[in-house]
Every structure is written in C-alpha cells, then in structure tokens.
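Below, each chain spelled out in residue letters.
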Amino acid sequence: LGPTVVIGEILVEIMAKSRGDGFLEPIELIGPYPSGAPAIFIDQCAKIGGSAAIVASVGDDDFGRINIERLRSDGADISAISVSPDYPTGSAFVRYRDDGSRDFVYNIGKSAAALVSLTAEAKALFARAGHLHVMGTAFAIPGVWEIMDHAIDAIKQRGGSVSLDPNLRKELLGLGQTQERFARLVDVADLILPSGDELFTAAGVDGESAAVAALFSRGVTEIALKRGEHGSTFFGVDGSRVDCPAFKVTEVDPTGAGDCFGGAYVACRRLGMPVSKALEYANAAGAHNVTVQGPMEGAASRPQLDEFIAVTPRNLP
Ligand code: ADP
C-alpha cells in the first residue's frame, strides 16, 4: 500500500565518555551520532526491509549530512527531509549518571528540527504512503500538528493504518491543545506501542486490563507493550495475548531501544509476519541496540537479527 512514514526530529547526539553529573566542567565527548527518535525508528524499519520514509528538517551542515547519508544508505526514503539554510541541525548532549539516569542538554526548539513543515515533497509522500507512525517526542515541535492532520487524512483515505508511540514528556500534555490532540491520535491509531506506564497515559486509565480495554473501545486493534529487560507483550482486540521474553544482553547504551523495537515491529507486521515473529524481531532489535554505543548505531538488518536471535539466550520471564 506504500511506505511507512514518520514525522519528527532528526538530531545528532554527542555523548560524554565518562559518567558523572551534568556538564559543569570540561569533559571528553564522543560523537556526533545520528539521532532523534523518529530517525532511529525509520532507520530500523528500513534496515529490516520495510519501505520507510521520514518527514523532517535538518541544517545545511555536517550534522544534517551524516543523518541524511545514514538514512539513505540504510534504505530509507529521504525525499521529504528539507534542508534549512538558516538554522543548524538539532543536537542533544547526553551524560550518564552513575545510577544509570541521564542528563541532557537539548538544542531542538531553535534548530532546523523545529522548522519541519508541510512541503510539496511531504505532500507527495503522504499521497503514496500506506502507514503513518506518530511519536510523542515530536509533539514539542509546533508545526508538526498541521503535517500530522494532513498525513492522517491522506493515509486513512487510502485505507492505510496509523501507529502511535506515546513517548511524550508528561509536561507537554499540559501545553495548549496537546491533551486534545493526543486524545485524537489515540482515537485514530490502529496500533499503540507504549513503554511501561505510557500505557496508562495513552488510555487515560490506570491498571493494565482497564487500560487495554479502554484503548480497544476507542478503535485500537493492537497494543505492543515494551517492558525493557522483561521483554514485551501483545494485546489484540480479539482478546489474544502474546508474551515475548527479552534477550539476555549487557546494556551499554539504553537510548534508542524503544525506537528500534517500534521500527522492527511495524516493519514486520507490514511485511505480513504474525505477531509472535514480529515481537521476536522487535525484542531482538531493542536488545541489539542497547549493546552498541550511540543511539542509532545498533539498528540491525534482518540477517543480523536472525544471527542475534540464533545465538542469544532469553531472560527468564
Ligand atoms: P523504551 O526505550 O521506549 O523505554 P524499552 O526500554 O522497553 O523501551 O525497550 C524496548 C525493547 O527493547 C524492550 O521491550 C526489550 O525487548 C528491548 N530491551 C530494552 N532494554 C533491554 C535490555 N536491557 N535487555 C534486553 N532487552 C532490552
């Protein structure tokens, strides 16, 4: 029916080599690495063999070019990435604390990432797209709503489908019309991919079975719940449930696991795989990603994931 399309931020990530608190004194950094949740999602989607495209904006600089080159060489359609002559590519600096939490310094709101708009190239893409994937991280970009509304109408009109990864910062829900817009996205979504408590945020109800029932009553037909090192669980509107254990790996860098999980799950389902196979690939994509430093560096091709699945033990449920 046409490619899977995602809308949102393309960034570079620059990371501190040492753990510690913040960026208050000079420290050694590594990067830039291609990043941005939608970029990681679509890169994984393309690498697994799904037809995949992104609507985004970068600066006319090396940070933008490394992203475009990575996505292009991994097989994503980059025709709707616009290049801004005036603003630099967005960036995120990250430092891990000793307890595993992270400190970030973001430059997104005043970067090229915030300039994403409904260009002629984006419209042409939506006119042939088969699936829209929406990510909560993009809600911070004001211009994203106009594009999303257009995309939903165009894709639904063609009989396409919509998925939602509600990975939004809760503070954002209090801003302007975000709450209403988020609720509308839940209403149009066929598939929801929450991580942990995001299931309750998406449903507006606490408790796993109540939240699942609430989402199904609003038209959702599939839920793929991400549970970190506990794996993932699928809930189907027909009452089915599939639990898939995580792979046993040593986590080096947790950034991007959920995005790779989503990219792999959506691509596999759209390629016609059954839920159990799609969940296994998605768990493998998430687990493989955390073993490699850099947010997008661990995105893996289908042969790489087949090899990973063959040799990696599972965590006990
Ligand atoms: P998010 O990044 O959105 O919070 P998760 O942390 O749940 O999402 O990661 C997504 C998926 O990646 C998980 O469902 C799991 O399959 C895999 N994964 C993530 N972290 C690990 C880990 N430490 N060990 C094994 N698998 C992991």
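For the structure, check the block above.
Residues numbered from 1 in each chain as written. Predicted model: local features only at pLDDT ≥ 70, side-chain atom pairs only at ≥ 80, totals over all residues. Heavy atoms only, no water.

Colleague: Explain the overall build of the protein chain here, please?
Modeller: Secondary structure summary: the protein chain contains 10 helices and 13 strands in total. For 317 residues, the compact-globule estimate of 2.2 N^0.38 gives 20 Å, and the protein chain sits close to it at 18 Å. Across its three principal directions, the C-alpha atoms of the protein chain cover 55 × 45 × 40 Å. For the protein chain, the proportion of its 317 residues judged to be buried stands at 54%. The contacts of the protein chain with a sequence gap of at least 6 include a subset with a gap of at least 24, amounting to 72%. For the protein chain, the exposed surface amounts to about 13,100 Å²; the carbon and sulfur share of it is 52%. Of the side chains in the protein chain, 28 bear a positive and 40 a negative charge, and the two mean positions are spaced by 3 Å. (Helix = DSSP H or I, 4+ residues; strand = E, 2+ residues; numbered from the N terminus. Rg over C-alpha atoms; globule rule 2.2 N^0.38 Å. Buried < 20%, exposed > 50% of the residue type's maximum accessible area, 1.4 Å probe, protein only. Contact = heavy atoms within 4.5 Å. Areas by Shrake-Rupley, 256 points an atom, 1.4 Å probe, with all protein chains shown as cover. Lys, Arg positive; Asp, Glu negative; His and termini not counted. Charge placed at Lys NZ, Arg CZ, Asp CG, Glu CD.)

Colleague: Please explain the site of the ligand as it appears in this structure.
Modeller: Taken together, 17 residues sit near the ligand, with Ser-195, Gly-228, Gly-231, Glu-251 and Asn-283 positioned nearest. For the ligand, an oxygen atom lies 2.8 Å from a polar atom in the side chain of Asn-283. Broken down by secondary-structure element, the contributors of at least two residues to the shell around the ligand are α8 (257-270) and α9 (275-290). Of all the elements, α9 adds the most residues to the shell around the ligand, at four residues. In the shell around the ligand, the residues fall into seven nonpolar, six polar and four charged. (Near = heavy atom within 4 Å. Polar contact = N/O pair within 3.5 Å; in protein donor to acceptor, adjacent residues only side chain to side chain. Nonpolar A, V, L, I, M, F, W, Y, C, P; charged D, E, K, R; others polar.)

Colleague: Explain the sheet that holds strand β4 (residues 52-59) here, please?
Modeller: Consider a sheet: its strands pair through backbone hydrogen bonds, and that pairing is either parallel or antiparallel. Strand order across the open sheet formed by nine strands is β5-β4-β1-β8-β9-β10-β11-β12-β13, with mixed pairing between neighbours. The two strands at the open ends of the sheet, each matched to only one other strand, are β5 (81-84) and β13 (241-244). (Pairing = 2+ DSSP bridges.)

Colleague: Help me understand the packing of helix α4 (residues 144-157) against helix α5 (residues 178-188) in this model?
Modeller: Helix-helix packing is described using two parameters, namely the angle between the two axes and the distance between the axes. Look at α4 against α5: their axes get within 12 Å of each other, and the N-to-C directions meet at 20 degrees. As the angle between them shows, α4 and α5 are arranged roughly parallel. The chirality of how α4 crosses α5 is left-handed. For the pair formed by α4 and α5, the contact residues are Trp-145, Met-148, Asp-149, Ile-152, Asp-153 and Lys-156 on the first element and Thr-178, Arg-181, Arg-184, Leu-185 and Val-188 on the second. Residue composition of the contact of α4 with α5, grouped by class: five nonpolar, one polar and five charged. (Axes fitted to C-alpha atoms, helices over the stretch in contact; angles between N-to-C directions. Parallel < 35°, antiparallel > 145°, perpendicular 65-115°, else oblique. Left-handed = near helix turned anticlockwise from the far one by under 90°.)

Colleague: When you look at the sheet that holds strand β7 (residues 102-107) in this model, what are you seeing that I'm missing?
Modeller: Taken together, the four strands give an open sheet; going across it, the order is β3-β2-β6-β7, and neighbouring strands pair in mixed fashion. Each edge of the open sheet is held by one strand with a lone partner, namely β3 (29-35) and β7. Sheet twist, expressed as the mean angle between neighbouring strand axes with direction ignored, is 20 degrees. Looking at chain direction, strand β2 (residues 11-16) and strand β6 (residues 90-96) are connected through five bridges and run parallel. Residue pairing across strands places Met-15 opposite Val-94, the latter belonging to β6. Against the sheet, helix α2 (residues 62-73) touches β2 and β3, its axis set at about 50 degrees to β3.

Colleague: Would you explain the packing of helix α1 (residues 37-47) against α8 in this entry?
Modeller: In the contact formed by α1 and α8, the axes pass within 7 Å of each other and the chain directions differ by 40 degrees. Taken as axis vectors, α1 and α8 run oblique relative to one another. Along this stretch, α1 crosses α8, giving a crossing that reads as right-handed. When α1 is examined against α8, the residues Ala-37, Ile-40, Phe-41, Gln-44 and Cys-45 are found in contact with a partner set consisting of Asp-259, Cys-260, Gly-262, Gly-263, Ala-264, Val-266 and Ala-267. Class assignment of the residues belonging to the contact of α1 with α8 gives a composition of eight nonpolar, three polar and one charged.

Colleague: Whenever I open this one, the packing of aromatic side chains confuses me. Can you help?
Modeller: Two descriptors summarise a pair of aromatic rings, namely the distance from one centre to the other and the angle between the planes of the rings. On inspection of all chains with the given rule, the structure shows six aromatic pairs. Seen from their ring centres, Phe-23 and Phe-93 are 6.4 Å apart, and the 85 degrees between their planes marks the pair as edge-to-face. Remark: Phe-93 occurs in strand β6 and Phe-23 occurs in the loop between β2 and β3; sequence separation between them is 70 residues. Using a relative accessible area of 27% as the deciding quantity, one classes Phe-93 as partly exposed. Taking the centre distance of 4.8 Å and the plane angle of 40 degrees together, the rings of Phe-139 and Trp-145 count as tilted. (Phe/Tyr/Trp six-rings, centres within 6.5 Å; stacked < 30°, edge-to-face > 60°.)

Colleague: Can you help me understand α4 in this one?
Modeller: Compared with the 20 Å implied by 1.5 Å per residue over 14 residues, the 20 Å span of α4 between its first and last C-alpha is a close match. The secondary structure elements touched by the buried residues of α4 are β1 (4-7), β4, α3 (120-126), β8 (131-135), β9 (161-165) and α5. Positive backbone phi, approximately 80 degrees, marks Gly-159, located one or two places after α4. (Expected span 1.5 Å × (residues − 1).)

Colleague: Quick question: what am I supposed to make of the side chain of Glu-222 here?
Modeller: Structurally, the position occupied by Glu-222 is in strand β11 (residues 222-226). On the basis of relative accessible area, Glu-222 is assigned to the buried category, the value being 14%. Looking at Glu-222, its side chain comes within polar contact range of the side chain of Tyr-265, at 2.8 Å. Looking at Glu-222, its side chain comes within polar contact range of the side chain of Arg-269, at 2.4 Å.

Colleague: I'm lost on α1 in this one. Help?
Modeller: With 10 of 11 residues buried, α1 lies mostly within the body of the structure. Within α1, the full set of buried residues consists of Ala-37, Pro-38, Ala-39, Ile-40, Phe-41, Ile-42, Asp-43, Gln-44, Cys-45 and Ala-46. Gly-49, located one to two residues past α1, shows a positive phi value of around 110 degrees.

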